[in-house]
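# Per-entry structural report
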Amino acid sequence: MAERPEDLNLPNAVITRIIKEALPDGVNVSKEARRAISQAASVFVLYATSCANNFAMKAKRKTLNAGDVLAAMEEMEFERFLEPLKEALEVYKKGQKGKKEVSEQKRKDKEKKSDLESDKTREEEEEEEERMEEEPDAENEVEEEEVEN
């Protein structure tokens, strides 16, 4: 675990993208300001994580969940962000559910394809066995004709 907030910096590209999306076009941000925002974001993430961890520990859990984060936001007096955070969480859950359904459908399609291929192989083997069984009959007929002649 990092000992200082400076040890946990968010990627500069992410910070720059967030800043650009938050500000109107034409507004420039100095390198120093981006660095300060990056530091502030890192401190915020550490603080929110620590608060959420306290809720998980009170519930005797080792895994933080979304409820812990929401409770931490409220405890940190960021109530105005709760609704947007809940909405984003719902969008995320729906996206995950959609991915799971797509994955499940792919698995089912793969199983069907595998079953069809094994059925096809089985049919081909049965046809081959039938041909093999018929061939001796044809040879016997030829032998019988030769015997008659």
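For the protein, the name recorded in an unreviewed UniProt entry is DNA polymerase epsilon subunit 3, with Sphaeramia orbicularis as its organism. As recorded by UniProt, the Subcellular location (unreviewed entry) comment attached to the protein reads in full: "Nucleus".

With that out of the way, let us pick up helix 2 (residues 31-58). Taking 1.5 Å of rise per residue, the 28 residues of helix 2 would be expected to cover 40 Å, and the 41 Å separating its terminal C-alpha atoms lies within 8% of that figure. Among the residues of helix 2, Ser38, Gln39, Ser42, Ala48, Cys51, Ala52 and Ala56 are the ones counted as buried. Of the surrounding elements, those touching the buried residues of helix 2 are helix 1 (12-22) and helix 3 (66-75).

Moving on: the packing of aromatic side chains. Applying the stated rule across the entire model yields 2 aromatic pairs. On the numbers, 5.3 Å between centres and 80 degrees between planes, the contact of Phe44 with Phe78 is edge-to-face. Within this pair, whereas Phe44 is found in helix 2, its partner Phe78 is found in the loop between helix 3 and helix 4 (82-148), the two being separated by 34 residues in sequence. With relative accessibility at 28%, the residue Phe78 sits in the partly exposed group. The interplanar angle of 40 degrees and the centroid separation of 5.7 Å between the aromatic rings of Phe78 and Phe81 together place this pair among those described as tilted. In this structure an aromatic cluster arises from ring pairing among Phe44, Phe78 and Phe81. The ring of Phe55 has Lys58 lying over it, and the distance from NZ or CZ to the ring centre is 5.2 Å.

What counts and how
Residues numbered from 1 in each chain as written. Predicted model: local features only at pLDDT ≥ 70, side-chain atom pairs only at ≥ 80, totals over all residues. Heavy atoms only, no water. UniProt positions renumbered as here; feature names shortened; annotations may be inferred. Helix = DSSP H or I, 4+ residues; strand = E, 2+ residues; numbered from the N terminus. Expected span 1.5 Å × (residues − 1). Buried < 20%, exposed > 50% of the residue type's maximum accessible area, 1.4 Å probe, protein only. Contact = heavy atoms within 4.5 Å. Phe/Tyr/Trp six-rings, centres within 6.5 Å; stacked < 30°, edge-to-face > 60°. Lys NZ or Arg CZ within 6 Å of the ring centre and 35° of its normal.

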